[in-house]
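One-letter residues, chain by chain:
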Amino acid sequence: MKPELISRSVLSRDQLITRYCAAGATVAAMVGAATSADASVVFINFNSQVIVDTNLSDTSFTFFSFDLDNDGRVDFSLGQRLSGGTGGAILTRPTAAPTLGVIAQTFNAYNYASVLAAGANVGGTITNFAPLIGTGFANRASLWSAVGYPNSKWGPNQTTGFLGIQFTLGTGQVANGFIQLTIADGTGGTPRAITLIGAGYETSGGAIVAQNQPAIPEPSTTLGLVALGAAGLMAHRSRVAAKA
């Protein structure tokens, strides 16, 4: 898969408040987004990159791995699978990732990732992260499945929303963040395809407010364009016997 380009920008606490006030947000709404003077929020634009399994001859997931903070270590993976005209989508914790949590509900020992709306406070005192640990079902969360997992939250129709995640930066700091994405409905040639819109995370361990990517004001300085393969996205296939 040829890497696409993403844009990556970093805003300090003061820049963040200034820009969101200019966009009509209140300072109170931004308090949770950066908790110290040296905190910053990183925003990433995925340019509507589509994740889809193109192999209909097996039941394997195609996994796409993400390194949000560009430290050379995969932070999380999204898996997408087509099988028998239907599809599934999951979030998983890679073996090398120190931690990965997702805002989710748990039924029968399986995690179902919640669909968050714009304005959700990720990492606040009432946020509940389900830790993805171990192997098998314990290190994954269902986004959507046509069969087998009726509590999946991201369907059955096309759904756009935010995943709330918690992961460890290369500095060792546990960070709160979000991923904005759309999961397609179960019809057409690419059922359950995932479209990546954007992401953001807070670097000091504070909370962050989930934001619609198009509404994020462009910072006065950016880190420029980086290859998606370097700052974010790699694809590989992994055979998973169980349904997701």
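Nothing here was measured: the structure is a model prediction, and the numbers come from that model.

## Some points on the overall build of the chain
Stage number 1. Scanning the chain from N- to C-terminus turns up 3 helices and 16 strands.
Stage number 2. The buried share among the 244 residues of the chain stands at 50%.
Stage number 3. For the chain, restricting intrachain contacts to residue pairs at least 6 apart in sequence, the fraction spanning at least 24 positions comes to 71%.
Stage number 4. For the chain, the exposed surface amounts to about 10300 Å²; the carbon and sulfur share of it is 54%.

## Considering the pattern of salt bridges
Where charged atoms from two side chains of opposite charge approach closely, those side chains can pair.
Stage number 1. This model, assessed by the stated rule, comprises 1 salt bridge.
Stage number 2. A salt bridge links aspartate 71 to arginine 73, with the shortest nitrogen-to-oxygen separation between them at 3.5 Å.
Stage number 3. The exposure class of arginine 73 is partly exposed, given its relative accessible area of 25%.

## Examining the side chain of serine 77
Stage number 1. Here serine 77 is to be found in strand β4 (residues 76-83).
Stage number 2. Contacts of serine 77, omitting those with residues within four sequence positions, involve Phe63, Phe64, Ser65, Ile90, Leu91, Thr92 and Pro94.

## Digging into the confidence of the model for the chain
Stage number 1. Summary statistics for the chain give a mean pLDDT of 74 and a share of 66% for residues scoring 70 or more.
Stage number 2. Every residue in residues 1-5 is under pLDDT 50, and counting partners more than four places away or in other chains gives 14 contacts.

## Examining the environment of valine 42
Stage number 1. For valine 42, the position within the fold is in strand β2 (residues 40-51).
Stage number 2. A relative accessible area of 4% means that valine 42 is categorised as buried.
Stage number 3. C-alpha separation for the pair valine 42 and tyrosine 201, spaced 159 residues apart in sequence, amounts to 5.5 Å.

## Section: the packing of aromatic side chains
Pairs of aromatic rings are described using the distance from one ring centre to the other and the angle between the two planes.
Stage number 1. Enumeration over the complete set of coordinates arrives at 8 aromatic pairs.
Stage number 2. Consider the rings of phenylalanine 46 and phenylalanine 66, whose centres lie 5.7 Å apart with planes at 75°: the pair is edge-to-face. On the criterion of sequence distance, the pair formed by phenylalanine 46 in strand β2 and phenylalanine 66 in strand β3 (residues 61-66) is long-range, its members being 20 residues apart. Across this residue pair, the class does not change: phenylalanine 46 and phenylalanine 66 are buried.
Stage number 3. Centre to centre, the rings of phenylalanine 66 and phenylalanine 76 are 4.8 Å apart; their planes meet at 10°, and the pair counts as stacked. Of this pair, phenylalanine 66 sits in strand β3 while phenylalanine 76 sits in strand β4, and the two are 10 residues apart along the sequence. Each member of the pair, phenylalanine 66 together with phenylalanine 76, is buried.
Stage number 4. These aromatic residues form a ring-pair network of at least three members: Phe107, Tyr110, Tyr112 and Phe137.

## As for unusual backbone geometry
Stage number 1. Phi is positive for asparagine 47, which is not a glycine, with a value near 55°.
Stage number 2. When you line up the elements, asparagine 47 lands in strand β2.
Stage number 3. For serine 48, which is not glycine, the phi dihedral falls at a positive 55°.
Stage number 4. Mapping serine 48 onto the fold places it in strand β2.

## Some points on the nonpolar core
Stage number 1. The biggest cluster of nonpolar side chains holds 33 residues, and the ones touching the most others in it are Leu68, Phe76, Leu78, Leu143, Leu163 and Ile194.
Stage number 2. Apart from the residues within four sequence positions on either side, leucine 163 is in contact with Leu78, Val102, Ala113, Ser114, Leu116, Leu143, Trp154, Gly177, Phe178, Ile179 and Leu181.
Stage number 3. By size, the runner-up hydrophobic cluster in this structure holds 9 residues, among which are Phe162, Phe178, Ile208 and Ala210.

Analysis parameters
Residues numbered from 1 in each chain as written. Predicted model: local features only at pLDDT ≥ 70, side-chain atom pairs only at ≥ 80, totals over all residues. Heavy atoms only, no water. Helix = DSSP H or I, 4+ residues; strand = E, 2+ residues; numbered from the N terminus. Buried < 20%, exposed > 50% of the residue type's maximum accessible area, 1.4 Å probe, protein only. Contact = heavy atoms within 4.5 Å. Areas by Shrake-Rupley, 256 points an atom, 1.4 Å probe, with all protein chains shown as cover. Salt bridge = Lys/Arg side-chain N within 4 Å of Asp/Glu carboxyl O. pLDDT = per-residue confidence, 0-100. Phe/Tyr/Trp six-rings, centres within 6.5 Å; stacked < 30°, edge-to-face > 60°. Core = buried A, V, L, I, M, F, W, Y, C linked by side-chain atoms within 4.5 Å.

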